[in-house]
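Residue-level structure breakdown
For reference, the chains in residue letters:
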Amino acid sequence: MKWLAVSLALICIAPIAHAETEAKQLFGAQKTASPHKAQVFGSYAKGCIAGAVQLTETSPTWQAMRLSRNRNWGHPDTIDFIEDLSRKAAKLPGWRGLYVGDISQPRGGPMLTGHRSHQIGLDVDLWMLPPKRLNLSRKERENISSISLRRAQGAYTNSKFTQQHMDVMKAAAKDPRVARIFVFPGAKVAMCNAEKGNRRWLRKLRPWWGHHYHFHVRLKCPKGSPGCVNQAPPPRGDGCADAQKWVDDILNPPPPKPRDPNAPKPAPRRELTLKDLPPQCTTVLR
Ligand SMILES: [Zn+2]
């Protein structure tokens, strides 16, 4: 009888202990996708993906980089998007296609290192390095570096920034599946200045920190994923004045705002547990 009580207690405690474990440990340990149909649960920085598809490591128009990370898993829409954009990139002078960086882990979720987003198979990092070859070995793909396109902490582009970079980012922004693209402020301003025609696509280009070795494409929630939470769309307009403000603030940083001594201290960022994620993510892990 005592034995039975102990076993029951263990059975009851186990799922609770699981719920307290950092979600990044649970999702970071997954090696394969879940055996469900593709569906996204939650938001870009707090969610997971069932039935993710692994991006083919090498194709005629792309290579997945840093294979050891096992982050080349995404929603089928993301895989289709990469395929389509890589075909357009392959037509640009000096570009054989795309070098593809991180998408998501096999079941999405928080990661042990790096990104806060990239959790639902709808974010993808695309390298700024123009692919000259698409026959890089696994080892080369671990060791080769991308190139930075920024100057003056991202206020300006450098001499490696080309028309083709603008063309590939514009093609991405014009894709109806794309919600937004993150890139350093100097690149957005350069593209604002270069565009003499329809400026609508510029709205999706969002100035952000980092993002000078790669640009980050975020897709909208796909059809058939009612549990997927879209981010609010970017503000109306082309966003060029906002990007210029980012640049001005880099060149002439505004004085730091004095801290209100009565304001409560911001809580330290807590690691996500399974309880923070949509309940379906527990099933996705199983
Ligand atoms: Zn990214």
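Each helix and strand counted, the chain has eight helices and 13 strands in total. Buried positions account for 49% of the 286 residues belonging to the chain. Residue pairs at least 24 apart in sequence account for 75% of intrachain contacts in the chain once pairs closer than 6 positions are excluded. Carbon and sulfur atoms form 58% of the exposed surface of the chain, whose accessible area is close to 15,200 Å². Placing the 45 positive and 22 negative side-chain charges of the chain at their respective mean positions leaves the two points 0 Å apart.

What follows is about the coordination of the zinc ion. Distances from the zinc ion to its protein donors, namely His118 (NE2), Asp125 (OD) and His216 (ND1), fall within the range 2.0 to 2.3 Å. Mapping the donors of the zinc ion onto the primary sequence gives the spacing H-x6-D-x90-H. Here His118, found in the loop between β7 (98–100) and β8 (123–127), pairs with His216, found in strand β13 (residues 214–219); they are 98 residues apart in sequence, far enough to count as distant. Since its relative accessible area comes to 0%, His118 is described here as buried. Owing to a relative accessible area of 4%, His216 belongs among the buried residues under this scheme.

This paragraph deals with helix α6 (residues 185–194). By the criterion of burial, α6 is predominantly enclosed, with seven of the ten residues buried. Considered for burial, the residues of α6 that qualify are Pro185, Gly186, Ala187, Lys188, Val189, Met191 and Cys192.

Once that is clear, we can look at the confidence of the model for the chain. Summary statistics for the chain give a mean pLDDT of 93 and a share of 93% for residues scoring 70 or more. Within the model, the stretch residues 1–16 combines pLDDT values under 50 with zero contacts to residues more than four positions away or in other chains.

Attention now goes to the nonpolar core. Residues Phe81, Leu98, Val100, Phe215 and Val217 are the most contacted members of the largest nonpolar core, which totals 56 residues. Going through the elements one at a time, β5 (62–64), α3 (76–89), β7, β8, α5 (163–174), β11 (178–183), α6 and β13 are the ones with two or more residues in this core. Looking at this core, the element that brings in the most residues is α5, giving six residues. Filtering out sequence-adjacent residues up to four positions away, Val100 remains in contact with Leu55, Trp62, Gln63, Ala64, Met65, Ile82, Val124, Asp125 and Leu126.

What follows covers unusual backbone geometry. Positive phi, close to 50 degrees, is recorded for Arg66, a residue that is not glycine. Inspection of the secondary structure assignment puts Arg66 in the loop between β5 and β6 (73–74). Residues other than glycine seldom take positive phi values, yet His118 does so here, at roughly 60 degrees.

What follows concerns the pairing of β13. In terms of burial, β13 is a largely internal element, five of the six residues being buried. Looking at chain direction, β8 and β13 are connected through five bridges and run antiparallel. What sits directly across from Asp123, in β13, is Arg218.

Before going further, it helps to spend a moment on the side chain of Arg180. Examined against the element boundaries, Arg180 turns out to sit in strand β11. Of the side chains with opposite charge, Asp123 lies nearest to the buried Arg180, which makes no salt bridge, at 8.3 Å. At 3.3 Å, the side chain of Arg180 and the side chain of Gln231 are in polar contact. Beyond its immediate stretch of four places on either side in the chain, Arg180 contacts Lys204, Arg206, His216, Val217, Arg218, Gln231, Ala232, Pro233 and Pro234.

This next bit is on the state of the cysteines. Scanning all chains against the criterion turns up three disulfides. Across the disulfide from Cys48 sits Cys281; the S-S distance is 2.1 Å. Note on the Cys48 and Cys281 pair: the S-S dihedral is about -95 degrees, so by sign convention the disulfide is left-handed. Placement of Cys48 in strand β2 (residues 46–50) and of Cys281 in helix α8 (residues 280–285) is noted, with a sequence separation of 233 residues between them. Each member of the pair, Cys48 as well as Cys281, is classed as buried. The residue that forms a disulfide with Cys192 is Cys240, at a sulfur-sulfur distance of 2.0 Å. Since a negative S-S torsion denotes a left-handed disulfide, the Cys192-Cys240 link at about -90 degrees is left-handed. Of the two residues, Cys192 is situated in helix α6 and Cys240 in helix α7 (residues 240–251); the sequence distance between them amounts to 48 residues.

Right, let's get into the environment of Asn230. Within the secondary structure, Asn230 sits in the loop between β13 and α7. The spatial distance from the C-alpha of Asn230 to the C-alpha of Arg151 is 33 Å, given a sequence separation of 79 residues. Apart from residues no more than four positions distant in its own chain, Asn230 is found in contact with Tyr44, Lys220 and Cys221. Looking at Asn230, its side chain comes within polar contact range of the main-chain nitrogen of Cys221, at 2.9 Å.

Rules of the game
- Residues numbered from 1 in each chain as written.
- Predicted model: local features only at pLDDT ≥ 70, side-chain atom pairs only at ≥ 80, totals over all residues.
- Heavy atoms only, no water.
- Helix = DSSP H or I, 4+ residues; strand = E, 2+ residues; numbered from the N terminus.
- Buried < 20%, exposed > 50% of the residue type's maximum accessible area, 1.4 Å probe, protein only.
- Contact = heavy atoms within 4.5 Å.
- Areas by Shrake-Rupley, 256 points an atom, 1.4 Å probe, with all protein chains shown as cover.
- Lys, Arg positive; Asp, Glu negative; His and termini not counted.
- Charge placed at Lys NZ, Arg CZ, Asp CG, Glu CD.
- Donors = N, O, S within 2.8 Å, 3.2 Å for Na, K, Ca; no water.
- pLDDT = per-residue confidence, 0-100.
- Core = buried A, V, L, I, M, F, W, Y, C linked by side-chain atoms within 4.5 Å.
- Pairing = 2+ DSSP bridges.
- Salt bridge = Lys/Arg side-chain N within 4 Å of Asp/Glu carboxyl O.
- Polar contact = N/O pair within 3.5 Å; in protein donor to acceptor, adjacent residues only side chain to side chain.
- Disulfide = S-S within 2.5 Å.

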